[in-house]
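Given next are the chains, with one letter for each unit.
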Amino acid sequence: MKILLLGKSGQVGFELKRALSPLGQIAAPNRQELDLSDSDAVSDFVNKTKPNVIVNAAAWTNVDAAETEKELAYKLNAELPRLLANCAKAVGSKLVHYSSDYVYPGTGTQAWSEESETNPLNYYGMTKHDGDQTIVDSGSDYLIFRTSWVYSARRNNFMKTMLRLAESKKELSIINDQVGSPTTARLIAQTTVLALRSNLQAGVYNLAAKGHISWYQFAKAIFNQVEVLNFNSSIERMNAIPTEDYPTPAKRPLNSRMNTSKLESALDITLPSWKDELSDTLEEYLERK
Ligand SMILES: NC(=O)c1ccc[n+]([C@@H]2O[C@H](COP(=O)([O-])OP(=O)(O)OC[C@H]3O[C@@H](n4cnc5c(N)ncnc54)[C@H](OP(=O)(O)O)[C@@H]3O)[C@@H](O)[C@H]2O)c1
């Protein structure tokens, strides 16, 4: 199998590069080799490579900056998926793409299913939504995995921000009314491999770890676990605050709960709890540091 992996330096892309390797030969251009905002270069690359599968882990992921850098965010998150879907159709490839809990409206307390209404609260969510829709409408053979609260030992994420702050701050105020499922990039990559191996039927699937917590609870869990790993934290006090006390350029959904039963039953798997992967990820990060 010939696989074209885009975004290999990202959280999910890095894990995919390792996880996909037993499935075949991987072409994984970096930004210098292929600028994904250059549509002609992307088409040429796909036509030249003629992969069996295109795995797109690249995206504009800076949610706040998307509010002002609209053109670039839209290019990466909505126009690139459309282009990839069309290229995939033309060369007969399957397209695997990643999307976000931010496509859902974030209201209420129920877990979003793939059939739930979409109604993004911010520009990033809107770009991800348009990316999904364009793939669904393209008539290509696709898999879209909507995931949430991604973290890993690499790049920028909440876990790493907490540990960085814990080296200098005595007090932290963390949002306690946004609820979701912290999901490791590794789990996303492993599940992608399972999906490709089992020829999962084309469609949209929610993919997130089990269990729901707030950012405040996640921070608490991170600090409890690093204590055991001998991390020297300077935090003496943590305050649970509402979203309105931490204004950001992009509005955030309060409810990012994801119902993953469609994916679990299609693959005959049980996704692990967010708790199961936290200590391994912390250990990996602290060892690399
Ligand atoms: N992070 C989250 O919490 C989260 C939550 C829900 C869904 N998702 C979705 O999950 C997927 C993976 O996210 P992630 O957190 O792994 O992303 P990430 O760590 O921010 O990585 C993004 C990747 O895209 C590449 N990229 C961006 N613009 C590019 C360009 N113009 N040309 C070439 N490469 C470009 C980056 O390359 P460089 O290294 O060169 O910048 C990087 O490899 C995305 O679809 C995202 O929307 C993420």
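Here the structure is a predicted model, which means the values were calculated and not measured.

This structure, assessed with the given rule, holds 11 salt bridges. Two residues, Arg154 and Glu284, come together in a salt bridge whose shortest N-O distance is 3.1 Å. Residue Arg154 is found in the loop between strand S6 (150–151) and helix H5 (158–165), and its partner Glu284 is found in helix H9 (residues 274–288); the two are separated by 130 residues along the sequence. Residue Arg237 is joined to Glu171 by a salt bridge in which the shortest nitrogen-to-oxygen separation is 3.5 Å. Of this pair, Arg237 sits in strand S12 (residues 237–241) while Glu171 sits in strand S7 (residues 171–175); the two residues are 66 residues apart in sequence, bridging distant segments of the chain. On the basis of relative accessible area, Glu171 is assigned to the partly exposed category, the value being 43%. One network of salt bridges, in which partners are shared, links Glu15, Arg18, Arg154, Arg186 and Glu284.

A few words now on the site of the ligand. Residues in close proximity to the ligand total 26 residues, the closest being Ser9, Thr61, Tyr124, Lys128 and Arg155. At a separation of 2.8 Å, an oxygen atom of the ligand approaches a polar backbone atom of Val12. Leu36 places a polar main-chain atom, nitrogen or oxygen, 3.0 Å from a nitrogen atom of the ligand. When the free accessible area of the ligand is taken as 910 Å², the share hidden by the protein chains comes to 86%. Elements represented by at least two residues in the shell around the ligand include exactly helix H1 (11–20), strand S4 (94–100) and helix H4 (123–137).

Empty space among the atoms can be located by rolling a probe the size of a water molecule over them. When its volume is computed, the second largest pocket comes out at roughly 180 Å³. Taken together, Lys220, Phe223, Asn224, Val226, Glu227, Phe231, Ser233, Ile235, Glu236, Arg237 and Met238 make up the full set of residues lining the second largest pocket. Listed by contribution, the elements that provide at least two residues to the lining of the second largest pocket are helix H7 (215–228) and S12. Element by element, the count of residues in the lining of the second largest pocket is highest for H7, at five residues.

Looking now at the packing of H1 against helix H6 (residues 185–197). Viewed as axis vectors pointing N to C, H1 and H6 meet at an angle of 45 degrees, and their least axial separation amounts to 8 Å. With respect to H6, the axis of H1 lies oblique. Considering how the two elements wind past one another, H1 and H6 form a crossing that is right-handed. Mapping the contact onto sequence places Gln11, Val12, Glu15, Leu16, Arg18, Ala19 and Leu20 in H1 and Ala185, Arg186, Ile188, Ala189, Thr192, Val193 and Leu196 in H6. In terms of residue class, the contact of H1 with H6 is built from nine nonpolar, two polar and three charged.

Enumeration according to the criterion identifies nine aromatic pairs in this entry. Ring centres of Phe218 and Trp274 lie 6.0 Å apart, and the angle between their planes is 85 degrees; this geometry places the pair in the edge-to-face category. With Phe218 in helix H7 and Trp274 in helix H9, this pair connects stretches of sequence that are 56 residues apart. Classification of Phe218 by relative accessible area gives buried; the value is 1%. A network of ring pairs unites the aromatic residues Trp149, Tyr151, Phe158, Trp215, Phe218 and Trp274 as a single cluster. Over the face of the ring belonging to Tyr123 we find Lys70, whose NZ or CZ atom lies 5.1 Å from the ring centre.

We now examine the sheet that holds strand S1 (residues 2–6). The six strands lie next to each other as S2-S1-S3-S4-S5-S10, forming an open sheet whose pairing is parallel. Two strands lie at the open edges of the sheet, namely strand S2 (25–27) and strand S10 (203–206), each paired on one side alone. Strand-to-strand twist in this sheet, taken as the mean axis angle between neighbours without regard to direction, amounts to 20 degrees. Of the strand pairs in this sheet, S1 and strand S3 (residues 53–56) are connected by four bridges, and their pairing is parallel. In the sheet register, Leu6 faces S3, and the bridge partner there is Asn56. Relative to the sheet, helix H3 (residues 70–91) contacts S1, S3 and S4, its axis offset from that of S4 by approximately 160 degrees. Here H6 sits on the sheet in contact with S3, S4 and strand S5 (141–147), set at roughly 145 degrees to S4.

Reading guide: rules and limits
- Residues numbered from 1 in each chain as written.
- Predicted model: local features only at pLDDT ≥ 70, side-chain atom pairs only at ≥ 80, totals over all residues.
- Heavy atoms only, no water.
- Salt bridge = Lys/Arg side-chain N within 4 Å of Asp/Glu carboxyl O.
- Helix = DSSP H or I, 4+ residues; strand = E, 2+ residues; numbered from the N terminus.
- Buried < 20%, exposed > 50% of the residue type's maximum accessible area, 1.4 Å probe, protein only.
- Near = heavy atom within 4 Å.
- Polar contact = N/O pair within 3.5 Å; in protein donor to acceptor, adjacent residues only side chain to side chain.
- Areas by Shrake-Rupley, 256 points an atom, 1.4 Å probe, with all protein chains shown as cover.
- 1 Å grid on protein atoms, 1.4 Å probe; cavity = no way out; pocket = protein on both sides within 12 Å on 5 of 7 lines; lining within 4 Å.
- Points joined across faces, edges and corners; volume = space filled by probe spheres on them.
- Axes fitted to C-alpha atoms, helices over the stretch in contact; angles between N-to-C directions.
- Parallel < 35°, antiparallel > 145°, perpendicular 65-115°, else oblique.
- Left-handed = near helix turned anticlockwise from the far one by under 90°.
- Contact = heavy atoms within 4.5 Å.
- Nonpolar A, V, L, I, M, F, W, Y, C, P; charged D, E, K, R; others polar.
- Phe/Tyr/Trp six-rings, centres within 6.5 Å; stacked < 30°, edge-to-face > 60°.
- Lys NZ or Arg CZ within 6 Å of the ring centre and 35° of its normal.
- Pairing = 2+ DSSP bridges.

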